[in-house]
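Here are the chains, one letter per residue:
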Amino acid sequence: MRFIHTSDWQIGKSFGFADDAAQALRDERLEAITRLGQIARERDARCVLVAGDVYDVQTPSEKTLRQPIERMRAFPDVEWHLIPGNHDPHTPRGPWERLRGLQDAPANIQLHLTPDPAPILGGAAFLLPGVLTRQHAMSDPTEPMDHAATPDGATRIGLAHGSLIGFGSDPASTHNRIAYDRPARAGLAYLAMGDFHGAQSHGERAWYSGTPETDDFGTGGAGGGDVLVVDADGPRAVPRVARERIGRFAWHRLDATLYNTSDLDVLETRLRELAPQAPGTALVWLTVSGALSLPELDVFEDRIVHGVGSALRVLRLDRAELRPRVSESDLNAIDHAGFVRTAADRLAAVAADDADPAHEIAAAAMQRLYVMSRGGRR
């Protein structure tokens, strides 16, 4: 028996930091559902288990509510089994009540809003849902699985959203905690989990699938962008799990120390090599430090910020530790005397003083003054 395990779609996520790229990131999370359906067909896995956080918020708009439903409707030959997560718990007037009230709900989509076992794949296995009815539950959502009644010899598949004890969240937290030995306690062939956004195994029978589209810079290296193809050959057989990459966007955190134009050359090459054939799929959080002269800072703006930065989907820049190295020739280039030169001298002094809370603003103003003096338009 083969099925797909996925979770944490978080449809409607805001991506507030991404400015004009936010809509593309939201759209791609919907396109990932289409890719999931295609993989299910290609791998002959006609069942998809979605382990919570289908939506990012508890009050999605009507359009956002229906968007993933319409993507799943396009694959009528695939069963889609959904449970609530901590972002979209099953609450009064929440998204799940609204979905349950849809008059044209597709027959191939099953909402599991109680912990009752449900046959899947024509009765080849039984699904045991863990259902969150609040964002932060004090109890283990998988505990009812221990006592869930299924036919003798049935293959039992758990589906839950939460933090495995000893992994994921603050060890002192008691919210949505899942017992690490739940597969053994409940006789599960496989426990499909959501909440952690990177694919991770915990023993032979428990997995987090991660989100199908990486959604922040923190999970890029932890496996976001995957889906799991699972083969479960019976109630006691060890499941075989294969990770399939379906994410389109790659998220990177980079650090660079800059002291001269050679360092800028290296940084530009490094950024362009992240996705040379498709730079629009790369999101970069770049932290720069060091010290550059005013002409070198102008080159940094031209080649990094406005050059390769324009090719990337997102360039999130942290330049708090990048200092201007102001020389007498730089100041003379701005003005030799008069009130402009006086202002430049004062800005240079403040920018060089790390203890001054205005040093970052002064550095930016200093660079702007230099560019303007050279006839620049930025």
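Parameters and conventions
- Residues numbered from 1 in each chain as written.
- Predicted model: local features only at pLDDT ≥ 70, side-chain atom pairs only at ≥ 80, totals over all residues.
- Heavy atoms only, no water.
- Helix = DSSP H or I, 4+ residues; strand = E, 2+ residues; numbered from the N terminus.
- Rg over C-alpha atoms; globule rule 2.2 N^0.38 Å.
- Buried < 20%, exposed > 50% of the residue type's maximum accessible area, 1.4 Å probe, protein only.
- Contact = heavy atoms within 4.5 Å.
- Core = buried A, V, L, I, M, F, W, Y, C linked by side-chain atoms within 4.5 Å.
- Expected span 1.5 Å × (residues − 1).
- Phe/Tyr/Trp six-rings, centres within 6.5 Å; stacked < 30°, edge-to-face > 60°.
- Lys NZ or Arg CZ within 6 Å of the ring centre and 35° of its normal.
- Pairing = 2+ DSSP bridges.
- Axes fitted to C-alpha atoms, helices over the stretch in contact; angles between N-to-C directions.
- Polar contact = N/O pair within 3.5 Å; in protein donor to acceptor, adjacent residues only side chain to side chain.
- Parallel < 35°, antiparallel > 145°, perpendicular 65-115°, else oblique.
- Nonpolar A, V, L, I, M, F, W, Y, C, P; charged D, E, K, R; others polar.
- Left-handed = near helix turned anticlockwise from the far one by under 90°.

(A) The arrangement of the overall build of the protein in detail. Scanning the protein from terminus to terminus reveals nine helices and 17 strands. In summary, the protein has a C-alpha radius of gyration of 26 Å against a globular reference of 21 Å for 378 residues, an excess of more than 25%. Taking the principal axes of the C-alpha coordinates as reference, the protein spans close to 90 × 40 × 40 Å. With 378 residues in all, the protein has 50% of them scored as buried. Across the protein, every contact between residues at least 6 apart in sequence was considered, and the portion connecting residues at least 24 apart equals 69%.

(B) Spotlight on the nonpolar core. With 29 residues, the main nonpolar core has Ile 4, Trp 9, Met 72, Trp 80 and Leu 82 as its most contacted residues. With six residues, the top contributor of residues to this core is helix 1 (residues 22–42). With sequence-adjacent residues up to four places away left out, Trp 80 is seen in contact with Trp 9, Ile 33, Leu 36, Gly 37, Val 48, Met 72, Phe 75, Asn 108, Ile 109 and Gln 110. Counting 24 residues, the second-largest nonpolar core is a separate cluster that includes Leu 254, Ala 275, Phe 300 and Leu 331.

(C) Representation of helix 1 in the model. Given a rise of 1.5 Å per residue, 21 residues ought to cover 30 Å, and the 30 Å separating the end C-alpha atoms of helix 1 matches this to within 8%. Positioned one or two residues after helix 1, Asp 44 has a phi angle of 55 degrees, which is positive.

(D) Spatial organisation of the packing of aromatic side chains. A complete count under the given rule lists ten aromatic pairs for this structure. Measuring from centroid to centroid gives 6.3 Å for Trp 9 and Trp 80, while their planes differ by 75 degrees, and the two rings are edge-to-face. Separated by 71 residues along the polypeptide, Trp 9 in the loop between strand 1 (2–6) and helix 1 and Trp 80 in strand 3 (residues 79–82) bring together distant segments of the chain. Trp 9 gets classed as buried once you look at its relative accessible area, which sits at 1%. Put simply, the rings of Phe 15, Phe 17, Phe 217, Trp 251 and Trp 285 touch in pairs and so form one group of aromatic residues. Across from the ring centre of Phe 15, 5.8 Å away, lies the NZ or CZ of Lys 13, which sits over that ring. It is Arg 253 that lies over the ring of Trp 285; its NZ or CZ is 3.8 Å from the centre.

(E) Representation of the environment of Met 138. Relative to the helices and strands, Met 138 resides in the loop between strand 6 (125–129) and strand 7 (156–161). Among the residues examined, Met 138 registers a relative accessible area of 58% and is labelled exposed. Met 138 sits 188 residues away from Val 326 along the chain, and the two C-alpha atoms are 58 Å apart.

(F) Main features of the sheet that holds strand 2 (residues 47–50). The strand order across the open sheet formed by six strands is 4-3-2-1-13-14, and the pairing between neighbours is mixed. Of all strands in the sheet, those bounded by a partner on one side alone are strand 4 (109–111) and strand 14 (240–245). Neighbouring strand axes in the sheet, compared pairwise and without regard to direction, differ in orientation by 25 degrees on average. As defined by bridge partners, strand 3 adjoins strand 4 across three bridges and the pair is classed as parallel. Bridged to His 81 within strand 4 is Gln 110.

(G) Broad picture of the side chain of Ser 7. Relative to the assigned elements, Ser 7 resides in the loop between strand 1 and helix 1. In this structure the side chain of Ser 7 is engaged in a polar contact, spanning 2.7 Å, whose partner is the side chain of Asp 8. At a separation of 2.9 Å, a polar atom in the side chain of Ser 7 contacts the side chain of Ser 209.

(H) Structural context of the packing of helix 5 (residues 261–272) against helix 6 (residues 294–311). Running from N to C, helix 5 and helix 6 cross one another at 5 degrees; their axes reach a closest spacing of 10 Å. With respect to helix 6, the axis of helix 5 lies roughly parallel. Every residue of helix 6 that contacts helix 5 at Thr 261, Leu 264, Asp 265, Leu 267, Glu 268, Leu 271 and Arg 272 is listed here: Glu 296, Val 299, Phe 300, Arg 303, Ile 304, Gly 307 and Val 308. Residues that form the contact of helix 5 with helix 6 fall into these classes: seven nonpolar, two polar and five charged.

(I) View of the packing of helix 1 against helix 2 (residues 62–73). In the contact formed by helix 1 and helix 2, the axes pass within 9 Å of each other and the chain directions differ by 25 degrees. By the angle between their directions, the pair helix 1 and helix 2 is classed as roughly parallel. Crossing hand, helix 1 versus helix 2: right-handed. Mapping the contact onto sequence places Leu 30, Glu 31, Ile 33 and Thr 34 in helix 1 and Gln 67, Pro 68, Arg 71 and Met 72 in helix 2. Of the residues contributing to the contact of helix 1 with helix 2, the split by class is four nonpolar, two polar and two charged.

Everything listed here is a matter of geometry and, on its own, says nothing about what the molecule does.
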